[in-house]
Amino acid sequence: MIEVYYWTTPNGHKITMFLEEVGIPYTLIPINIGAGDQFKPEFLKIAPNNRIPAIIDREPVDGGEPISVFESGAILLYLAEKTGKLIPAEIRDRVEVLQWLFWQMGGLGPMAGQNHHFSQYAPEKIPYAIARYVNETGRLYAVLNRRLSDREFVAGDYSIADIAIYPWIVPHTLQSQKLEDFTNLQRWFEAIKARPATIRAYEQAEAFKNQAISIEESRNLLFNQSANTIKD
């Protein structure tokens, strides 16, 4: 039913986590971002921003033509609304979930991504940039830790908000963060890690590990894009 254009990144894991939780049949279509698959014309038709993940729903609820969706937050929201799962129907509960979904999309993901870039990938190690993003990642961890001080999950029951956030906490050591410094977050993290659907989703990534390309080989494709990269 769902075609998932996927690679083994935090944003890619979000979609497989959701689909494993709700039991929707899906097919993974690998987009090796280190090899430049994201620039192929057929992928750009459904993902104009050159980024994974993207999906095609071959059986939309209106019974019409297939629907394609790009951006991981939009995909999670689309799938949650399609299935009626992992998002509340009641308006106040729904707002709580959406706030934390967008917190991840606008805060944790971009800041942790810059953390990864300057500490792991940048050819020149810039101390100010590394400290800036390590500290901001830590601040966001503290926000999440405080939020989880009196609740099991981020926004009521387990939801797309938790699914969006979890994969960005998985590489915490690369982000120079220690989970033991955030005890509420650590408890939440271990609970999600142990969920059968999470385990199955991360097992999917194992099949693609042997396709990894070195940082040197992929640096130009991943990090040297500009306005000139976008063709009419």
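Just so you know, these numbers come straight off a predicted model, no measurement behind them.

Conventions used here
- Residues numbered from 1 in each chain as written.
- Predicted model: local features only at pLDDT ≥ 70, side-chain atom pairs only at ≥ 80, totals over all residues.
- Heavy atoms only, no water.
- UniProt positions renumbered as here; feature names shortened; annotations may be inferred.
- Helix = DSSP H or I, 4+ residues; strand = E, 2+ residues; numbered from the N terminus.
- Salt bridge = Lys/Arg side-chain N within 4 Å of Asp/Glu carboxyl O.
- Buried < 20%, exposed > 50% of the residue type's maximum accessible area, 1.4 Å probe, protein only.
- Polar contact = N/O pair within 3.5 Å; in protein donor to acceptor, adjacent residues only side chain to side chain.
- Contact = heavy atoms within 4.5 Å.
- Pairing = 2+ DSSP bridges.
- Axes fitted to C-alpha atoms, helices over the stretch in contact; angles between N-to-C directions.
- Expected span 1.5 Å × (residues − 1).
- Core = buried A, V, L, I, M, F, W, Y, C linked by side-chain atoms within 4.5 Å.
- Domains from an automatic or database assignment.
- Arc of directions from axis to C-beta.
- Right-handed = clockwise from strand over helix to strand, strands pointing away.

K.L.:
What is the right way to read the UniProt feature "domain: GST N-terminal" (unreviewed entry) in the chain from this model?
P.N.:
Per the UniProt record, the feature "domain: GST N-terminal" (unreviewed entry) sits at residues 1-87. In residues 1-87, helix accounts for 33% and strand for 21%; the two terminal C-alpha atoms are 20 Å from one another.

K.L.:
Help me understand the pattern of salt bridges in this model?
P.N.:
Side chains bearing opposite charge may pair, as long as their charged atoms lie close to each other. A full pass over the atoms with the stated rule returns ten salt bridges. With a closest N to O distance of 3.0 Å, Arg58 and Glu3 form a salt bridge. Of this pair, Arg58 sits in the loop between strand S3 (54-57) and strand S4 (67-70) while Glu3 sits in strand S1 (residues 2-6), placing them 55 residues apart in sequence.

K.L.:
Looking at this structure, I do not really get unusual backbone geometry. What am I missing?
P.N.:
Note: most peptide bonds trans; most residues except glycine with negative phi. Omega for the bond connecting Ile52 with Pro53 falls within 30 degrees of zero, at 0 degrees, which places this linkage in the cis form. Tracing the backbone through its elements, the reader meets Pro53 in the loop between helix H2 (41-44) and S3. Although it is not a glycine, Glu71 adopts a positive phi angle of roughly 80 degrees. As for its placement among the helices and strands, Glu71 is situated in the loop between S4 and helix H3 (72-83). Positive phi, normally seen in glycine, also occurs at Leu86, with a value near 65 degrees. Residue position: Leu86 is located in the loop between H3 and helix H4 (91-121). On the basis of relative accessible area, Leu86 is assigned to the buried category, the value being 18%.

K.L.:
Please clarify how the side chain of Lys82 should be interpreted in this entry.
P.N.:
Here Lys82 lies in helix H3. Overall, the relative accessible area of 18% leaves Lys82 in the buried class. Of the polar contacts made by the side chain of Lys82, one reaches the side chain of Asp57; its length is 2.9 Å. If we ignore the near neighbours within four places in the chain, the residues touching Lys82 are Met1, Ile2, Asp57, Glu59, Pro60 and Val61.

K.L.:
Just checking my understanding: could you explain the sheet that holds S3 for this structure?
P.N.:
Where strands meet in a sheet, backbone hydrogen bonds hold them as pairs that are either parallel or antiparallel. Here we have four strands laid out as an open sheet, ordered S2-S1-S3-S4, and mixed in their pairing. In this open sheet, the two strands that pair with only one neighbour each are strand S2 (26-30) and S4. Direction aside, the axes of adjacent strands within the sheet are offset by 20 degrees on average. Where S3 lies against S4, four bridges are found, and the strand directions are antiparallel. Across the sheet, Ile55 pairs through a bridge with Val69, a residue of S4. This element, helix H1 (residues 10-22), spans S1, S2 and S3 of the sheet and lies at about 155 degrees to S1. H3 contacts S1, S3 and S4 of the sheet and is inclined by roughly 140 degrees relative to S4.

K.L.:
Help me out: how do you make sense of H3 in this one?
P.N.:
Because the α-helix completes a turn every 3.6 residues, residues three or four places apart line up on one side. Here H3 spans 16 Å end to end across twelve residues, near enough to the 16 Å set by a 1.5 Å rise per residue. Buried residues along H3 sit in contact with S1, H1, S3, S4, H4 and helix H6 (160-169).

K.L.:
Please clarify how the nonpolar core should be interpreted in this entry.
P.N.:
Soluble, globular proteins show a tendency: their nonpolar side chains are buried together. Membership of the largest hydrophobic core comes to 67 residues, with the highest contact counts inside it found for Phe18, Ile169 and Trp188. The two domains that each donate at least three residues to this core are domain 1 (2-85 + 200-224) and domain 2 (91-194). Residue contacts for Ile169: discarding those within four places in its chain leaves Leu108, Tyr141, Leu144, Leu179, Leu185, Trp188 and Phe189.

K.L.:
I'm lost on helix H8 (residues 196-206) in this one. Help?
P.N.:
For H8, the complete set of buried residues consists of Ala197, Thr198, Ala201 and Ala205. Down the axis of H8, the buried side of the element spans an arc of 105 degrees, and every buried residue falls inside it. Summarising the geometry of H8, the exposed residues directed more than 90 degrees from the buried face are Pro196 and Glu203. Looking at the packing, one finds that the buried side of H8 touches S1, H1, H6 and helix H7 (183-193).

K.L.:
Looking at this structure, I do not really get the pairing of S1. What am I missing?
P.N.:
Where a strand is regular, its side chains alternate between the two sheet faces. Of all five residues that make up S1, five are buried, and the element is covered over most of its length. The sheet contact formed by S1 and S2 spans five bridges and is parallel. Note that in S2 the partner of Tyr5 across the bridge is Ile29. In the classification by handedness, the crossover that spans S1, the intervening H1 and the parallel S2 is right-handed.

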